[in-house]
Amino acid sequence: MYRRYPLLNYGLVILLLLLAMVSLRIGPVSISVSDMINALVNSQETSQTLRHNLILIELRLPRLLLAMLVGASLGISGAALQGLLRNPLAEPGLIGVSSCAGLGAVICLYFGLSTLSMWLLPTMAMAGATLATLLLCWIGRHHAGSLTLILSGIALSSLAAALTSLALNLAPSPADVQDMVLWLLGSLNYRSFNDIQLCFPFVLTGLVLLMSCGAKLDALTLGEAEAQSLGVNLPKLQRQIIVGTALSVGACVAVTGTIGFVGLVVPHLLRRWVDYHPSRLLLSSALGGAALLLLADIALRLLSSTQEIMLGVVTALIGAPFFLILVLQQKWRLA
Amino acid sequence: MSATPVLSADNVFVEQQKRRILGGISLCLHKGELLGLLGPNGAGKSTFMKALAQLLPYRGEIRCMGRSLQQVPAIERARLIAYLEQSVQTGWPIAVRDYVALGRLPHRLAWYRNGHRNYDSKAVKMAIEQVGLSSLDDRPVSELSGGEFARVRLARALAVQTPLLLADEPVSVLDPFHQLQVMELFRQLCRDGRAGIVVLHDLTLASRFCDRLMLLDKGRTVASGMPRQVLTPANLQQVYQVQAMVGEHQQQSYILPWSCCNEGSSNEEKYR
């Protein structure tokens, strides 16, 4: 049982590579591994390699990389928030970051600003996430405990959901409503390297901030007072995790829309395999989140025929029953 | 006793929501001393311990090893004072050995140094042996009994290896055997060169194992000094509202709280 977590990480990396390979292969045009290498290395040789190169570079590779970035962000944010709040039900959606980012995007669609510039929608979504973060940091600065932070996040999330509903309710036209709803459901379709370029610096900064708080999260296992007596600056740690989550998840939501359950299910699924250490869970959840989202994306591409199934719907369909089973299993084990 | 006290507190005031919790408490603790902090519920014992551990804002000055604690960075402070909270729920069910190892966090400045790691594991092993739980070091903390978990928490505090140990009611959930074992351990640790403050409700344990006692009531010091000077019938009646039986066995005092002072009145009147 002891020291099995490095093996878990190696296993997750291998799984991720295999899923990446499958993700690049499947689609209306099936590309074999040798064709894939040929298309990426000698793209100008024949019209077929040129076509394969275009499909890979313009469509499948951005989709693959974005799935991995979003999955990793959601997974690691969920693990960090669960460690900080010492609550296995915490996830990025809980603290209101995802819903405030969603609200920012909906406001942009409501006023038709997204037609002015392609950058405006993600920028507004990130502004929503930033606003939520500033508010939570302000609450955290006043030495608020974990429970206050959770409840504030829930209140913020509910407010953002209510305002989003209001925007849908008062939408100028049915087409606008459809735009907003489709965006809120979350998708990786038709995303390009421009989207990755937009979110990558924020995601990377967020991931670095979250990865560097492992030892302090371990100390929180002892309770807030004893962790502080070990030199953990609790308000600073809260800020670091909130800002890290807002940057990584906010930037991802800004380009893909809201995708739920990954941040909740992945840490829960992997916790036993890292011997319940919050620090070890961070990297494993990032890898696991990337793998799960890639798997969900592959599943929806295989299932979609004429009408696209949205990624947020697939993750919720896989995640929610799975999470319920995990919770019930735990309950039975305790009984 | 060395010239510089391990801990000195001068006129410590704590106010919470405009209510005075501590009203000017002072103390001086030298190397090798074990101080028992006594008082009824709500006397301010835990608040004083938290102020000493720098976990809440206070007025006045607290110095450890001659340094004003408000000037010392948190990570350095963590290497001076180990603090054990009154009660804490088990968080994630990590193994006993890993739980105790969390006490080494303040020393892990350079986590990549192998020498540090080796010493950390030695310190953890020693702390687990000191509380007599070597056989359980692989077990998840969630599967321990209340008494075993209390000892694991103590081992975590010991693993920090600080000159000062603050423990808030460390024996309140232990059976008599382990109460005596843990108090003996505190006394031994102090004899080996540390200093400690323990909050206790058991007056006999306080009298037998502590070098000095401090009796608090309503945020103020009522009495301070040798156990015999502090645990007098008059003090116990004034602070705890109880009459106690004081006796002697093997030249050591034992104190048994025997009856409430307002025994003549009915319970309803007493709690009204």
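Above this text sits the structure in question.
The paragraphs below set out a description of the structure included in this document. (Residues numbered from 1 in each chain as written. Chains lettered and ligands numbered in written order. Predicted model: local features only at pLDDT ≥ 70, side-chain atom pairs only at ≥ 80, totals over all residues. Heavy atoms only, no water.)

## Focus: the packing of aromatic side chains
Here is step 1 of the chain: With the rule as written, the count across this model stands at two aromatic pairs over all chains.
Here is step 2 of the chain: When the ring of Tyr-110 of chain A is compared with that of Phe-111 of chain A, the centres are 4.9 Å apart and the planes differ by 80°; the resulting orientation is edge-to-face.
Here is step 3 of the chain: Ring geometry for Tyr-99 of chain B and Phe-149 of chain B: centres 5.7 Å apart, planes at 65°, overall edge-to-face. Residue Tyr-99 of chain B is located in helix α3 (residues 96–101), and its partner Phe-149 of chain B is located in helix α5 (residues 146–159); the two are separated by 50 residues in the primary sequence.
Here is step 4 of the chain: Exposure remark for Tyr-99 of chain B: the relative accessible area of 1% places this residue in the buried category.
Here is step 5 of the chain: Overall, Phe-149 of chain B belongs to the buried group, its relative accessible area being 10%.
Here is step 6 of the chain: The positively charged end of Arg-271 of chain A is found above the aromatic ring belonging to Trp-92 of chain B, 4.2 Å away from the centroid. (Phe/Tyr/Trp six-rings, centres within 6.5 Å; stacked < 30°, edge-to-face > 60°. Helix = DSSP H or I, 4+ residues; strand = E, 2+ residues; numbered from the N terminus. Buried < 20%, exposed > 50% of the residue type's maximum accessible area, 1.4 Å probe, protein only. Lys NZ or Arg CZ within 6 Å of the ring centre and 35° of its normal.)

## Remarks on the pattern of salt bridges
All names here are of chain A.
Here is step 1 of the chain: One pass over the full model with this rule turns up 15 salt bridges over all chains.
Here is step 2 of the chain: One salt bridge connects Arg-301 with Asp-297, and the closest N-O pair in it is separated by 3.3 Å. Taken together, the positions of Arg-301 and Asp-297, both in helix α13 (residues 278–303) and four residues apart, correspond to about one turn of that helix.
Here is step 3 of the chain: Within this structure, Arg-63, Asp-297 and Arg-301 form a network of salt bridges that share partners. (Salt bridge = Lys/Arg side-chain N within 4 Å of Asp/Glu carboxyl O.)

## Remarks on the pairing of strand β10 (residues 220–225) of chain B
Residue and element names in this part refer to chain B.
Here is step 1 of the chain: Pairing of strand β9 (residues 212–217) with β10, which is carried by five bridges, proceeds in the antiparallel orientation. If you follow Leu-215 over to β10, its bridge partner there is Ala-223.
Here is step 2 of the chain: Between β9 and the antiparallel strand that follows it, β10, lie two residues; Lys-218 among them carries a positive phi value of about 50°. (Pairing = 2+ DSSP bridges.)

## Side note on helix α1 (residues 5–25) of chain A
Residues and elements named next belong to chain A.
Here is step 1 of the chain: Here α1 spans 30 Å end to end across 21 residues, near enough to the 30 Å set by a 1.5 Å rise per residue.
Here is step 2 of the chain: Along α1, the residues that are buried comprise Tyr-5, Leu-8, Asn-9, Leu-12, Leu-16, Leu-19, Ala-20, Ser-23 and Leu-24. The buried residues of α1 occupy one face: seen down the axis, they fall within an arc of 135°. Projecting away from the buried face of α1 at angles above 90 degrees are the exposed residues Leu-7, Tyr-10, Ile-14, Leu-17 and Leu-18.
Here is step 3 of the chain: Summarising the contacts, the buried residues of α1 are in contact with α2 (33–41), α3 (47–85), α12 (262–270) and α13. (Expected span 1.5 Å × (residues − 1). Arc of directions from axis to C-beta. Contact = heavy atoms within 4.5 Å.)

## Focus: the state of the cysteines
Here is step 1 of the chain: If you walk through the whole model with that rule in mind, you get zero disulfides over all chains.
Here is step 2 of the chain: Unpaired in terms of disulfides, Cys-252 of chain A finds its nearest cysteine sulfur in Cys-199 of chain A, a separation of 5.3 Å.
Here is step 3 of the chain: Unpaired in terms of disulfides, Cys-190 of chain B finds its nearest cysteine sulfur in Cys-210 of chain B, a separation of 8.7 Å.
Here is step 4 of the chain: Note on Cys-190 of chain B: relative accessible area 4%, which makes it buried. (Disulfide = S-S within 2.5 Å.)

## Observations concerning the interface of chain A and chain B
Here is step 1 of the chain: Of the residues lining the interface, 24 residues belong to chain A; the matching set on chain B comes to 24 residues.
Here is step 2 of the chain: Taken over both partners, the interface formed by chain A and chain B buries close to 2,100 Å², and the fraction arising from carbon and sulfur atoms is 66%.
Here is step 3 of the chain: Here chain A is connected to chain B by two salt bridges.
Here is step 4 of the chain: A salt bridge links Glu-226 of chain A to Arg-153 of chain B; its shortest N-O distance comes to 2.4 Å. (Buried area = accessible area lost by both parts, 1.4 Å probe.)

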